[in-house]
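Per-entry structural report
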Amino acid sequence: MALHDILFLHADPELFAEYDRRFGDRYEGHSRTHLPSRFVELYEAAKNGGRTRTEYIDYQSIDVLLSLQRPHTAHPAEMSFYLVGQAKELLFKLVYEEVSAARLALVVDEADNASWNLRRAATALDLLARTWDVLATISPAEFNAFREQLGSASGIDSYMYRMLEFALGRKSDSMARRHAEVPGVAESVYRELHRSSVYDEALGLLHRRGLLTDGAEAGEWHPDALRQAWVRVYEAHGPSSDLFRLGETLMDLAHAFSRWRSLHLLLVERTIGNKHGTGGTTGVDWLRRSADHRFFPELWEARSILPMGAPLW
Ligand code: HEM
Ligand SMILES: N[C@@H](CC(=O)c1ccccc1NC=O)C(=O)O
C-alpha cells in the first residue's frame, strides 16, 4: 500500500494508533487527519466481522464520495478549499439539472412546472452564494501556503459551471474552446453551447401566448420587442398568472447568480488582492467585468420602462 494512495478523513483515534503501530515510520509529511482509504477499509472490515457497507453507504456511494478528497499538500486550510470546491461542483450540477428540466417543461408549454424547477435552481444558487463565507475564513497567508501547488488550475475551467451558463443563455465560443480537447467533456460542453437556452424557450412560450408578437430578425428577437413583452407580462398579469410567476422566478435565478458572482469577486479581492488569477486572467479586474453580466437582460431592463401607477390586474 503506497502512502500516496487515496487519503481518507477519519476521526477514530484507535485507527490512528493502529496505523502508527504498523506504518509510523512512513507517516512523515502527511496530515494526521488523513489515512490511506484502503487501510481504513480493511480496518473497518476486521472490526465488523467482514461487513464493510451499509445500505446508506450504497445508496449515495458515500464511500466513493469520501475517498475523493485528495489535497496536494499537508497545509490544513487546503482541505477546506478543496471540499468547498467539490461541494460547489455538486451544486452547479444540481442547478444545471433543474434548469434543464425547466427548459423541457417550457418546450411543452408547462410554465408552472418550469417555475417549480427554477425555484429549486434559485434556492440551490442561494446556497452556492453562501459557500463563499467558508472560504473567507481562509486567511491570505493560509491560501498562499498552497496556492502555488494549484498550478494553472482555476474555477474558470469548471465545465459544469460553463454548461450552466450556456443553458441559461450566456453562450461563448471562446469559453467552450477551453474544453475542446478534453475527451468526455467537450461533447457535453459543445452540445450545450449549441442548444436553445431556458430563456430561448421562455421567449418561445411568450410568443405562443401572444405576448411577443413582432421583432424577429434572422431568427433572433429584437431586444426592444423582448423588453416590451416583459413589460406586458408585468402590467397585465399578477401573481395568479403562470407567465408572471415564470418571469419572477427567472428573475430570482438571475438575481441569485449575480449575487454568487459578486460575492466571489469580494472573496477573491480579500484573499489575493490584485494578483493575477491562476487561470491566466488579470484576476479581480476580470471578475469585476464578469460580475456586470446579467442573465435574461430584458427582464432587468423592463424594470426601467414599467410605467408608474397601478397595474391593470
Ligand atoms: C480562494 C479561493 C478562490 C480564489 C482566490 C479565486 C479566484 C478566481 C480568479 C482570479 C478567477 C479569474 C480566472 C483566473 O484567472 O483564474 C476565478 C474565476 C472563477 N472561479 Fe474562482 N477563486 C476561488 C475559489 C473558487 C471556487 C471554490 C470556485 C467554485 C468552483 C470558483 C469558481 C470560479 C469560476 C466558475 C470562475 C469563472 C468565472 C466566470 O467565468 O465568470 N472559484 N476565480
Ligand atoms: N483561480 C484561483 C484558484 C482557483 O480558483 C482554483 C484553483 C484550483 C482548483 C480550483 C479552484 N477554484 C475552484 O474550486 C486563483 O487564482 O487562486
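Residues numbered from 1 in each chain as written. Chains lettered and ligands numbered in written order. Predicted model: local features only at pLDDT ≥ 70, side-chain atom pairs only at ≥ 80, totals over all residues.

**What about the site of ligand 1?**
Convention followed: Using a C-beta atom placed from the backbone, a residue is described as near a molecule or strand when that atom lies within 6 Å of it. Helix and strand assignments come from DSSP, with helices taken as H or I runs of at least 4 residues and strands as E runs of at least 2, each series counted from the N terminus. Throughout, the ten residues Ala, Val, Leu, Ile, Met, Phe, Trp, Tyr, Cys and Pro are labelled nonpolar, Asp, Glu, Lys and Arg are labelled charged, and all others, Gly among them, are labelled polar.
Around ligand 1, the surrounding shell holds 24 residues, and the nearest of these are Ser154, Gly155, Gly277, Gly279 and Thr281. The set of elements that each furnish at least two residues to the shell around ligand 1 consists of helix 5 (76–107), helix 14 (242–272) and helix 15 (284–291). Of the residues in the shell around ligand 1, the class split is nine nonpolar, 13 polar and two charged.

**Some details on the domain arrangement of the protein chain**
The line we're drawing: For the purposes of this description, domain bounds are those given by an automatic or database domain assignment.
Each assigned domain of the protein chain is listed with its residue range as follows: domain 1 (7–65) and domain 2 (76–305). One C-alpha centre belongs to domain 1, the other to domain 2, and the line joining them spans 38 Å.

**Comments concerning the site of ligand 2**
Near ligand 2, the surroundings consist of Gly85, Arg147, Leu150, Ala153, Ser154, Gly155, Ile272, Gly277, Thr278 and Gly279. Of the residues that constitute the shell around ligand 2, the class distribution is three nonpolar, six polar and one charged.

**Re the nonpolar core**
As a reminder, the rule being used: A set of buried residues drawn from Ala, Val, Leu, Ile, Met, Phe, Trp, Tyr and Cys, joined through C-beta atoms within 7 Å, is what defines a nonpolar core. Residues are called buried when their C-beta atom has 20 or more other C-beta atoms within 10 Å, exposed when it has 12 or fewer, and partly exposed otherwise; all C-beta atoms are positioned from the backbone. It is the C-beta atoms, placed from the backbone, that decide contacts: two residues are in contact if theirs lie within 7 Å.
Counting residues in hydrophobic clusters, the biggest one holds 47 residues, and the most contacted among them are Val99, Leu125, Leu164, Ala202 and Leu253. Elements represented by at least two residues in this core include exactly helix 5, helix 6 (111–130), helix 9 (159–168), helix 12 (198–208), helix 13 (223–236), helix 14 and helix 16 (297–305). Setting aside anything within four residues of it in sequence, one finds Leu253 in contact with Leu118, Ala121, Ala122 and Leu125.

**Description of the UniProt feature "binding site: substrate" (unreviewed entry) in the protein chain**
Under the convention used in this document: UniProt positions are given in the numbering used here, feature names are shortened, and annotations may be inferred rather than shown by experiment.
Using the residue numbers shown here, the UniProt feature "binding site: substrate" (unreviewed entry) corresponds to Arg147 and Thr278. Of the residues just listed, which span 132 residues, no C-alpha pair is farther apart than 8.7 Å, and they cluster in one region. Of note, Arg147 is situated in helix 8 (residues 140–147). With 17 C-beta atoms counted inside 10 Å, the residue Arg147 sits in the partly exposed group. Tracing the chain through its elements places Thr278 in the loop between helix 14 and helix 15. For Thr278, a count of 18 C-beta atoms within 10 Å puts it in the partly exposed group. With residues near it in sequence (within four places) discarded, Thr278 still touches Leu150, Gly151, Ser152, Ala153 and Ser154.

**Overview of helix 14**
What counts, and what does not: An expected span of 1.5 Å times one less than the residue number is assigned to each helix.
Taking 1.5 Å as the rise per residue, helix 14 with 31 residues should run 45 Å; its terminal C-alpha atoms sit 45 Å apart, in good agreement. Gly273 sits one or two residues past helix 14 and shows a positive phi near 55°.

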